[in-house]
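Structural characterization, general
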Amino acid sequence: MGRISFESIASDVRFLNPMKEFAEDVQTLQIRKDPLLGDTSVFNPELKDKAQIFFGKCDQELIKSLVEETAKTCFFCGEAVAKSTPRFMPDFCSTGRIRVGEALLFPNLFSLGTYHPVIRLCDAHFLKLSEFTPELIKNGFLAARQFIRIAYAKDPEVAYAAVTANYLFPAGASLVHPHLQMIATPIPYSYQARMLDGCSRWQRENGTSYFADLIAEEKDGPRYIGQTGSWQWLTPFSPLGNNEVMAIHEDLGDLDALSDVDLSNLASGISKVLSHYETLGHLSYNYALYSVRKNKNDGSFRALIKIITRQNLYANYRNDDYFLQKLLQSELIITPPEELAEQLRKSFRP
Ligand SMILES: [Zn+2]
């Protein structure tokens, strides 16, 4: 097993604080590095209880009116989904769309990848986070797996996939109606490419899989949350986004190879995480499940999901993706990963 090092530096920042009659103040920052990729994140303990300043508070009246207004013209509601959403070419998928329960998968009108289907998750136009049930999420992933199997059969080049979610406008969704999107391409997109390179390098240097080593290292530690079947849940040492939770499959790297039970266990974990986000006052989120076709995986990569919260919905909300994230590719930690893991551990107890 390769040794994983969790590096951080501390920085003392001194200034004359107007809130303390210009007395000298000192804040001790912690700057963390992701052990595989080196991505940085910063924690200022003075901001720990100031989540509301950063993320705001959901405006329930505004949400109610947005939900009502958007439902009137929603492409994913009722009869409209059959009439207004695209269909696949008959030689690609003879049924035109893929249905699993309430989940319906179809091509995107404006593709951002070689394959870019959209999956309408459910009949409901809006769900609270605690209403994303394991069954509903599982059906979305079953549709995604059915799609990747068709894509693999038709196209020997396609190999890198991500099943993703944007919930509500702060997360980049153009429609309120719960849905997933999936990108599948012959080349990995930037972040996935960096993970794959990192995993291959780790395997060359240590002879082991980085993610298997990470699970072994983190298990029962302060960032470990629990297990749902073959998925190990934890918070990353240096997160990419707010309140990030990740799950790693113990053995497999390809969505095609994940069993119904694997997808059921994945969905059950996602549902628990989303419910917890609701208790923290969040509503908007993103996630991505990363997958690599078996013949393009040197054995070092494992399927994994990353889930993050986004800004809350209120009038004139402030974006949470600013210079720090967008141009320095670093993240601000408000709740330390170790505390988030501790909060979540009880919902993952068998
Ligand atoms: Zn709708």
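Residues numbered from 1 in each chain as written. Predicted model: local features only at pLDDT ≥ 70, side-chain atom pairs only at ≥ 80, totals over all residues. Heavy atoms only, no water.

1. Notes on the overall build of the protein chain
The helix and strand tally for the protein chain stands at 9 helices and 14 strands. For 350 residues, the compact-globule formula gives about 20 Å, and the C-alpha radius of gyration of the protein chain, at 21 Å, lands near that figure. For the protein chain, with 350 residues in total, the buried portion stands at 54%. Partitioning the contacts of the protein chain with sequence separation of at least 6, the portion at a separation of at least 24 is 68%. Element-wise, carbon and sulfur atoms account for 54% of the exposed surface of the protein chain, whose accessible area totals about 16200 Å². The protein chain carries 37 positive and 42 negative side-chain charges, and their two centres are separated by 3 Å. (Helix = DSSP H or I, 4+ residues; strand = E, 2+ residues; numbered from the N terminus. Rg over C-alpha atoms; globule rule 2.2 N^0.38 Å. Buried < 20%, exposed > 50% of the residue type's maximum accessible area, 1.4 Å probe, protein only. Contact = heavy atoms within 4.5 Å. Areas by Shrake-Rupley, 256 points an atom, 1.4 Å probe, with all protein chains shown as cover. Lys, Arg positive; Asp, Glu negative; His and termini not counted. Charge placed at Lys NZ, Arg CZ, Asp CG, Glu CD.)

2. Comments concerning the pairing of strand β13 (residues 304–309)
Within β13, 6 of the 6 residues are buried, leaving the element largely enclosed by the surrounding structure. Where strand β12 (residues 285–292) lies against β13, 6 bridges are found, and the strand directions are antiparallel. The residue of β13 that forms the bridge with A288 is K306. (Pairing = 2+ DSSP bridges.)

3. Concerning the side chain of N286
The topology assignment puts N286 in strand β12. Here N286 falls in the buried class, since its relative accessible area comes to 12%. At 3.2 Å, the side chain of N286 and the backbone oxygen of A165 are in polar contact. There is a polar contact of 3.1 Å between the side chain of N286 and the backbone oxygen of A171. For N286, the contacting residues outside a window of four places in its chain are A165, N166, A171, K306, I307, I308 and R310. (Polar contact = N/O pair within 3.5 Å; in protein donor to acceptor, adjacent residues only side chain to side chain.)

4. Structural notes on helix α6 (residues 210–218)
What α6 keeps buried is the set Y210, F211, D213, L214, I215 and E218. Here the buried face of α6 lies against α5 (190–206), β9 (224–228), β10 (231–234), β11 (242–249) and β13. Once α6 finishes, D220 follows within two positions and takes phi at roughly 70 degrees, a positive value.

5. Some remarks on the coordination of the zinc ion
In a perfect tetrahedron of four donors around a metal, the angles come out at 109.5 degrees. In a perfect octahedron of six, they are 90 or 180 degrees. Distances from the zinc ion to its protein donors, namely C74 (SG), C77 (SG), H125 (ND1) and H177 (ND1), fall within the range 2.1 to 2.3 Å. Coordination at the zinc ion is tetrahedral, judged from the 4 donor atoms that bind it and the angles of 104 to 120 degrees they form at the metal. Each donor residue of the zinc ion lies on the same chain, and together they follow the pattern C-x2-C-x47-H-x51-H. Placement of the pair is C74 in the loop between α2 (60–71) and α3 (80–84) and H177 in the loop between β7 (160–167) and β8 (179–185), with a sequence separation of 103 residues. (Donors = N, O, S within 2.8 Å, 3.2 Å for Na, K, Ca; no water. Tetrahedral: all angles 85-135°; square planar, octahedral: opposite > 155°, others 65-115°.)

6. A few points about the sheet that holds strand β2 (residues 23–33)
The strand order across the open sheet formed by 4 strands is β1-β2-β3-β14, and the pairing between neighbours is mixed. In this open sheet, the two strands that pair with only one neighbour each are β1 (8–17) and β14 (331–333). For this sheet, the mean angle separating the axes of adjacent strands, direction not counted, is 30 degrees. Sheet topology places β1 next to β2; 10 bridges connect them, and they run antiparallel. (Axes fitted to C-alpha atoms, helices over the stretch in contact; angles between N-to-C directions.)

7. A closer look at the pattern of salt bridges
Considering all chains together, one arrives at 14 salt bridges under this definition. Within the structure, one salt-bridge network assembled from shared partners comprises R32, E218, R223 and E338. (Salt bridge = Lys/Arg side-chain N within 4 Å of Asp/Glu carboxyl O.)

8. What about the nonpolar core?
Residues F132, F141, W233, I270, Y287 and I305 are the most contacted members of the largest nonpolar core, which totals 63 residues. A per-element tally of this core places helix α4 (residues 134–154) first, with 10 residues. When sequence neighbours within four positions are dropped, the list of residues in contact with Y287 reads I137, F141, V163, T164, A165, L180, I270, I305, K306 and I307. (Core = buried A, V, L, I, M, F, W, Y, C linked by side-chain atoms within 4.5 Å.)

9. Focus on a nonpolar patch on the surface
Together, F323, L327 and L328 line one region of the surface with nonpolar side chains, adding up to about 380 Å² of accessible area. Turning to its location among the elements, F323 is positioned in helix α8 (residues 323–326). According to the relative accessible area criterion, F323 is exposed, its value standing at 54%. (Patch = residues over 30% accessible without salt bridge, like charges linked within 9 Å, V, L, I, M, F, W, Y side chains within 5 Å.)

10. Things to note about the domain arrangement of the protein chain
Under the domain assignment, the protein chain is made up of domain 1 (8–47) and domain 2 (57–348). Put simply, the middle of domain 1 and the middle of domain 2, counted by C-alpha atoms, are 31 Å apart. Taken together, the contact pairs 14 residues of domain 1 with 22 residues of domain 2. Between domain 1 and domain 2, the buried area comes to about 1600 Å², and carbon and sulfur atoms account for 57% of it. It is R32, L36 and L37 in domain 1 that bury the most area against domain 2; as a group they hold 39% of the surface buried on that side. In this structure, R32 and E338 form a salt bridge, with 3.1 Å as the shortest nitrogen-oxygen distance. Put simply, domain 1 and domain 2 have 12 residue pairs in polar contact (both at pLDDT 80 or more) between them. Looking at the side of domain 1 that touches domain 2, the elements that each hand over two or more residues are β2 and β3 (40–43). (Domains from an automatic or database assignment. Buried area = accessible area lost by both parts, 1.4 Å probe.)

11. Description of the sheet that holds β10
Spatially, 10 strands are ordered β4-β5-β6-β8-β7-β12-β13-β11-β10-β9 in an open sheet, and the strand pairing comes out antiparallel. This sheet does not close on itself; its edge strands, each paired only once, are β4 (98–100) and β9. Averaged over all neighbouring strand pairs, the angle between strand axes comes to 20 degrees, with direction disregarded. Examined bridge by bridge, strand β6 (residues 117–120) and β8 share 3 bridges and lie antiparallel to one another. Bridge pairing in β8 places V118 opposite Q181. Where α5 meets the sheet, it contacts β7, β12 and β13, and its direction lies at approximately 50 degrees from that of β12.

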